[in-house]
Amino acid sequence: MSSGIKVFAPATVSNVACGFDVLGYALHKPGDEITVRFKDTKGLVIKEIRGAKGKLPYDIHKNTASVAALSLLKHLGEEERGIEMTIHKKMPFGSGLGSSAASAVAGAFAVHKLLKSPLSKRDLLPFILDGEVLASGSRHSDNVAPSLLGGMILCRTATEVYRLPTPKGLYTTVVYPHIEVLTKEARAILKPEVPLKNAIAQSANIAGLITGFYNSDFDLIKSCLEDHLIEHQRAPLIKGFYKVKEAALKEGVLGCSISGAGPSIFAISANSLIAENAGVAMQRVFNDLKIENDLFISEINSEGAILL
Ligand code: HSE
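Residues numbered from 1 in each chain as written. Predicted model: local features only at pLDDT ≥ 70, side-chain atom pairs only at ≥ 80, totals over all residues. Heavy atoms only, no water.

A.B. asks: Just to check I follow, could you spell out the pattern of salt bridges for this structure?
C.D. replies: Should the charged atoms of two oppositely charged side chains come close, the side chains can pair. Considering all chains together, one arrives at 13 salt bridges under this definition. A salt bridge links K89 to D32; the nearest nitrogen and oxygen atoms lie 2.4 Å apart. Note that K89 is positioned in the loop between β4 (83-88) and α2 (99-114) and D32 in strand β2 (residues 23-38), a separation of 57 residues in sequence. Each member of the pair K89 and D32 is classed as buried. Linking R50 and E48 is a salt bridge whose minimum nitrogen-to-oxygen distance equals 2.9 Å. The partly exposed category is assigned to R50, whose relative accessible area is 41%. Its relative accessible area of 28% is what places E48 among the partly exposed residues. Three or more residues are tied together by salt bridges with common partners; here these are K6, E33 and K90. (Salt bridge = Lys/Arg side-chain N within 4 Å of Asp/Glu carboxyl O. Helix = DSSP H or I, 4+ residues; strand = E, 2+ residues; numbered from the N terminus. Buried < 20%, exposed > 50% of the residue type's maximum accessible area, 1.4 Å probe, protein only.)

A.B. asks: Before we go on, may I ask you to explain the pairing of β4 in this structure?
C.D. replies: Along a regular strand, successive side chains alternate from one face of the sheet to the other. Of all 6 residues in β4, 6 are buried, a share of seventy percent or more. On β4, burial covers both faces: I83, M85 and I87 on one face and E84, T86 and H88 on the other are all buried. Note that β2 and β4 share 6 bridges and pair antiparallel. Paired with E33 across the two strands is H88, which belongs to β4. Two strands pair when backbone bridges link them, and strand β3 (residues 44-50) and β4 are joined in this way by 6 bridges, in the parallel orientation. Residue pairing across strands places V45 opposite E84, the latter belonging to β4. (Pairing = 2+ DSSP bridges.)

A.B. asks: How should the sheet that holds strand β10 (residues 293-299) be read in this particular structure?
C.D. replies: The strands making up a sheet associate through hydrogen bonds between their backbones, and the pairing can be parallel or antiparallel. Taken in spatial order, the 4 strands make up an open sheet running β8-β9-β7-β10, and their pairing is antiparallel. Both outer strands of the open sheet, β8 (255-258) and β10, are each paired with one neighbouring strand and no more. Neighbouring strand axes in the sheet, compared pairwise and without regard to direction, differ in orientation by 15 degrees on average. Of the pairings in the sheet, the one linking strand β7 (residues 171-177) to strand β9 (residues 265-269) comprises 5 bridges and is antiparallel in character. Each residue of the ladder has a partner; that of V175, found in β9, is I265. Across the sheet, helix α9 (residues 241-250) lies against β8 and β9, angled at about 160 degrees from β8, the strand it touches most. In the packing of helix α10 (residues 272-288) onto the sheet, the strands contacted are β7, β8, β9 and β10, and the crossing angle to β7 comes to about 15 degrees. (Axes fitted to C-alpha atoms, helices over the stretch in contact; angles between N-to-C directions. Contact = heavy atoms within 4.5 Å.)

Following this line, the structure appears as structure tokens:
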């Protein structure tokens, strides 16, 4: 029996207000860990799943981590390879922090490292997406790409992704209220059509936000971190959302919106002090509503998935 390797794939904030399905960035924590090792018998198996409270399947065709790993193994012609996987689920489901994406990234990345595959990290995206689609019902990369590659990522298509520069000092605050919002459901409620004026405002904001990142222009970033398409449709799924947003904005954050499909709420700040003050203010709102919550504050994680 080989000794095996362990990898980590981080949580992510997707959409970033105005970039529905096209923008996302990685956090330092939480994240998922996966251990893989060779075994003597043929084929991939999930040996153990820790931290998932029995909610994740052991069937390798139904688990996002193993589906992503299998897809990569098929591509490499190594489908028969004897590999056992242990999943250490270290982040909540339905949190809006890319939980299924982190598992899919960790699954494929772990096998890639174990087999010393010649592919680049970026080449792994199509296989990881095979895992992500199982959980979210849609082939979008705004969680998987930043979890894999780190940084602030623009996804022009699911597999054509670009790393954007971000200004020094940029901090993010994320509050996860313990309310479950399933991505599939939060996508199903979205209207298929949007008013033209909203589409124009959204395009202007995403273009402005990217320009702001390139020029380290905090004023421009601040005026562009506003979502005209999705936020108002999903806000009713998160009790207290507008109060939390108001509390964060009062502390001077550059912007605040729903992380991914929710219920987590993120804010972006120009420094760590504002990020911390915003965190306290955001948590206070949920505490007053008697909604349990967790706080994560960090710079943007520029590494993405790593070997531990
Ligand atoms: N962009 C996606 C959404 C992220 O908001 O539905 C969740 O997977």
